[in-house]
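A look at the structure
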Amino acid sequence: MRSARCDVAIIGSGAGGGTVAQALIPLATQGRRVIVFEQGGRLEQAEFTGIETEMAESLYEDGGGFLTEEGTLSLAFGRTFGGSTAVYSGTSLVPSARVIEAWAVPGLTHEDLVSRCERHAANNGVHLLPPEQINDNNRLFREGCLGIGLEAEQFPVNVRGCRGASLCNLGCPNGAKQGTDRVQLPAAERGGVEVVTRAEVRRIGDRRLVIRVERPGPGEKGAASAWPAGEYSVEAPIVVVAGGSVGSSALLLRSGLGSALPRLGEGFTCHPALILVGEHEREITNDVGHPKSYYLDRSVEERFVLETCMYFPFVTAKNLTGFGPDHSTMMRSFRRLQMILALACDRATQGNRISVDRSGRPRVHYRFTPEVREALAAANRAAARIFFAAGALRVHAPLANPPLLARDEAARIAGRITATAFIPGKTSISAAHLMGGCGMGSSPTDSVTDSWGRVHGLPWLRIADSSLFPDSLEINPYLTVMALADRTANAVLEDAGRLLANRGTGLS
Ligand SMILES: Cc1cc2nc3c(=O)[nH]c(=O)nc-3n(C[C@H](O)[C@H](O)[C@H](O)COP(=O)(O)OP(=O)(O)OC[C@H]3O[C@@H](n4cnc5c(N)ncnc54)[C@H](O)[C@@H]3O)c2cc1C
Ligand code: SF4
C-alpha cells in the first residue's frame, strides 16, 4: 500500500464537495494541501454524447437504477466528476422558512441559508429563461394549471448559453449547465486544490483514509486518474465527507462509526416520484428546449410538487405502467406526449434508512407510508386534470386502474385515481433528491453532526452534503446542499489553525 499526506481531504465532488473545494482555496493558497477524492471519472466535453444508455452508464451509480432493498424504488445519483450536478436539471430554488423552522436544528437559521443560497445562485448564473425559450411542454403545463385555477411558478435555472438540447439528465453536451463540474471544481483547481478522480475512499480511520484508485476499464469514458492505480493510505488531519446521502452514510457505516453515532444512516428521505404522460393530437416540442421551466408547489396543502419534465424513451417506457398494446400505443405517440413529474414530500420515518452489507456496499431501506401513497394519488389526480385542461386526448396515470384515462373520463378522475392502485414493486417509482443519513442536530442521540457539519465527538471529521438534511426539503435541494456545505467549509477554515497546528505545509 502506498502512503500520502494532505491537510484536508474532501470525499466526493458533487454539490457539497465542489462547494467545499472552492471555499478552501485560501488554505491551498497558504501552501496547505487540499485534495478532493472522487470515485467517478472525469469526462472530456466531447464525451457527452447524449446517448441514453452510454451516458447513464458513465455518469450514474448503477446506471441510474440503484434499487432499494425492497426492490420497489429506484434511486438516481451521480458517480462522476461533479457528482449529481453533472446530471441534474439545474432548477435552483431556495428553501422555505416553514421547512427550515420545522427542522429545528439549533444554530441553523433560514435567513443564513437563504443568503448563502443567493450567493451561490448568483455565482452559478441562475435566472429565469425568457418566454421564447419556453417549450410547448412547459407552456401546456402552465396553461393546464391556469385551466384548473392554479398558478404554476417558473423555475430559475443555472444555465449559460443553453441551446435547448433537453439532455440535462444525461450531462449537458453544450457545457451550458453550471454544475460544480463547470464552476466550483475548475475554480478550486485554479486556486491550487487537487482533484483525484477514480479514487474511492473505502474506509476512514482516525485522520487516515484507505483509498482505492482504479484505471479506466476498456472502452470506458473519462480520463485516467492523476494518481497511479492501487491502494493508498492517506493521512489527513481534516476530513470532509461529501459523498452524497447514500455514499457518505455508507462510508461512515463501513468505517465502524455506527456504534458511537446511533443516528448514522437514519432519517433517509427522497421525494419519491412518478412520471405521468398526456397524449395530445399534435406534436409537442418536448425534446427541444430546457426541460424544466415550471412547477406547482402543493407541499403545504397536499404534500406534493408537480414539475415539468422530459424523459428519454427508455426511461419513459420503463415508467409507463402496463404492458402490451396500450403501452405500445403510448410509446408510439412519444412525440405527442406531454410529461409531468409528480413528487411526494415524504417525511423522515423510522425504518427508512441506509445500511451497508458485509462488503460495505450501501443498502437503502425504504417503505412507502400511507401519507406518501395518498400524496402521490393526489398528485396523479392534479396532473391528470392539468393534462385534460391543456387539451390532452388521453392520460396515462400510474395510479389509475386501469392506467389509461380517456378524455370523457375527465369528470371522474377522483374515483378513477386512488392510492389503492399503488402497488409497491409494480408501480414504477424513482427518486433523485436523496437526503439524510448524517442529519444535523444537537447531540449523538438525535443526530450525527451539529449545524456546521461537525461530527459529534470527532473534531477532525466533517460532513458537507445532502446527508445533513434532518428531514426532506420539499423542494429541489441542490442550492440548499451548497449552502450547508458552505457552512461546513466556514467551520473548517475557522478550526484549521487548531487542527493543523504542528504541521508543516503538508506537501508530501
Ligand atoms: C437526475 C437528477 C436530476 C436532479 N435535478 C435537480 C435539480 O434540477 N435541482 C436540484 O436542486 N436538485 C436536483 N437534483 C438533486 C441534486 O443533484 C442533489 O441533491 C445534489 O447534487 C446532492 O449533492 P451531494 O453533494 O449531496 O451529492 P452528489 O452531488 O451526488 O455528489 C456525491 C459525489 O460523491 C462521490 N462519492 C460518494 N462516495 C464516495 C467515496 N467513498 N469515495 C469517493 N467519492 C465518493 C460520488 O461519486 C459523487 O460524485 C437532481 C439529481 C439527479 C440525480
Ligand atoms: S437544455 Fe440547456 S442545459 Fe440542458 S442539456 Fe440542453 S443545452 Fe444543456
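Not measured: the values here are computed from a predicted model.

1. A few points about the site of ligand 2
Around ligand 2 lies a shell formed by Val159, Cys162, Arg163, Gly164, Ala165, Ser166, Leu167, Cys168, Cys172, Pro173, Asn174 and His290. Considering only residue class, the shell around ligand 2 consists of 7 nonpolar, 4 polar and 1 charged.

2. Topic: the pattern of salt bridges
Counted under the stated rule, the structure contains 37 salt bridges. For Arg361, the salt bridge goes to Glu61, with nearest N and O atoms at 3.6 Å. Residue Arg361 is found in the loop between β16 (353-356) and β17 (362-365), and its partner Glu61 is found in the loop between α3 (52-59) and β4 (66-67); the two are separated by 300 residues along the sequence. It is possible to trace a salt-bridge network through shared partners that takes in Asp112, Arg116, Arg119, Asp486 and Arg487.

3. Quick look at the pairing of strand β9 (residues 208-213)
Covered by surrounding structure in β9 are Leu209, Ile211 and Val213 only, the residues Arg208, Val210 and Arg212 on the alternate face being uncovered. Here strand β8 (residues 199-205) runs beside β9; their pairing, made up of 6 bridges, is antiparallel. For Ile204, the partnering residue across the bridge sits in β9 and is Leu209. With 6 bridges joining them, β9 and strand β10 (residues 230-235) adopt antiparallel strand pairing.

4. Structural notes on the pairing of strand β14 (residues 304-308)
Of all the 5 residues making up β14, 5 are buried; the element is thus mostly covered by neighbouring parts of the structure. The two faces of β14 match: Phe304, Leu306 and Thr308 on one face and Val305 and Glu307 on the other face are all buried. Of the pairings in the sheet, the one linking strand β13 (residues 294-298) to β14 comprises 4 bridges and is antiparallel in character. By the bridge assignment for β14, Tyr295 is matched with Glu307. Here 5 bridges tie β14 to strand β15 (residues 337-344), and the two strands are oriented antiparallel to one another.

5. Section: the domain arrangement of the chain
It is common to give the size of an interface as the accessible area that goes away when the parts come together. We note that the domain assignment places domain 1 (2-125 + 167-268 + 433-499) and domain 2 (131-159 + 273-345 + 369-423) within the chain. Taking the mean C-alpha position of each, domain 1 and domain 2 sit 32 Å from one another. On the domain 2 side, the residues contacting the 25 residues of domain 1 number 23 residues. Carbon and sulfur atoms supply 55% of the area buried between domain 1 and domain 2, which totals about 1,700 Å² over both sides. The interface formed by domain 1 and domain 2 includes 1 salt bridge. One salt bridge connects Arg303 with Glu474, and the closest N-O pair in it is separated by 3.1 Å. Taken together, domain 1 and domain 2 are joined by 11 residue pairs in polar contact (both at pLDDT 80 or more). Partitioned by chemical class, the residues of the side of domain 1 that touches domain 2 number 8 nonpolar, 13 polar and 4 charged.

6. Here we look at the sheet that holds strand β2 (residues 8-11)
Taken in spatial order, the 5 strands line up as β7-β3-β2-β11-β21 in an open sheet, and their pairing is parallel. Of all strands in the sheet, those with a lone pairing partner are β7 (194-196) and β21 (461-463), marking the two edges. Mean inter-strand twist for the sheet, computed between neighbouring axes without regard to direction, equals 20°. In terms of strand pairing, β2 meets strand β3 (residues 34-37) through 4 bridges, oriented parallel. Paired with Ile11 across the bridge in β3 is Phe37.

7. Considerations on the site of ligand 1
What surrounds ligand 1 is a group of 39 residues, the closest being Glu38, Ser84, Thr91, Ser466 and Tyr478. Between an oxygen atom of ligand 1 and a main-chain N or O atom of Gly16, the distance comes to 2.8 Å. Residue Tyr478 places a main-chain N or O atom 2.7 Å away from an oxygen atom belonging to ligand 1. Coverage of ligand 1 by the protein chains reaches 95% of its 1,000 Å² of free accessible surface.

What counts, and where the lines are drawn
Residues numbered from 1 in each chain as written. Chains lettered and ligands numbered in written order. Predicted model: local features only at pLDDT ≥ 70, side-chain atom pairs only at ≥ 80, totals over all residues. Heavy atoms only, no water. Near = heavy atom within 4 Å. Nonpolar A, V, L, I, M, F, W, Y, C, P; charged D, E, K, R; others polar. Salt bridge = Lys/Arg side-chain N within 4 Å of Asp/Glu carboxyl O. Helix = DSSP H or I, 4+ residues; strand = E, 2+ residues; numbered from the N terminus. Buried < 20%, exposed > 50% of the residue type's maximum accessible area, 1.4 Å probe, protein only. Pairing = 2+ DSSP bridges. Domains from an automatic or database assignment. Contact = heavy atoms within 4.5 Å. Buried area = accessible area lost by both parts, 1.4 Å probe. Polar contact = N/O pair within 3.5 Å; in protein donor to acceptor, adjacent residues only side chain to side chain. Axes fitted to C-alpha atoms, helices over the stretch in contact; angles between N-to-C directions. Areas by Shrake-Rupley, 256 points an atom, 1.4 Å probe, with all protein chains shown as cover.

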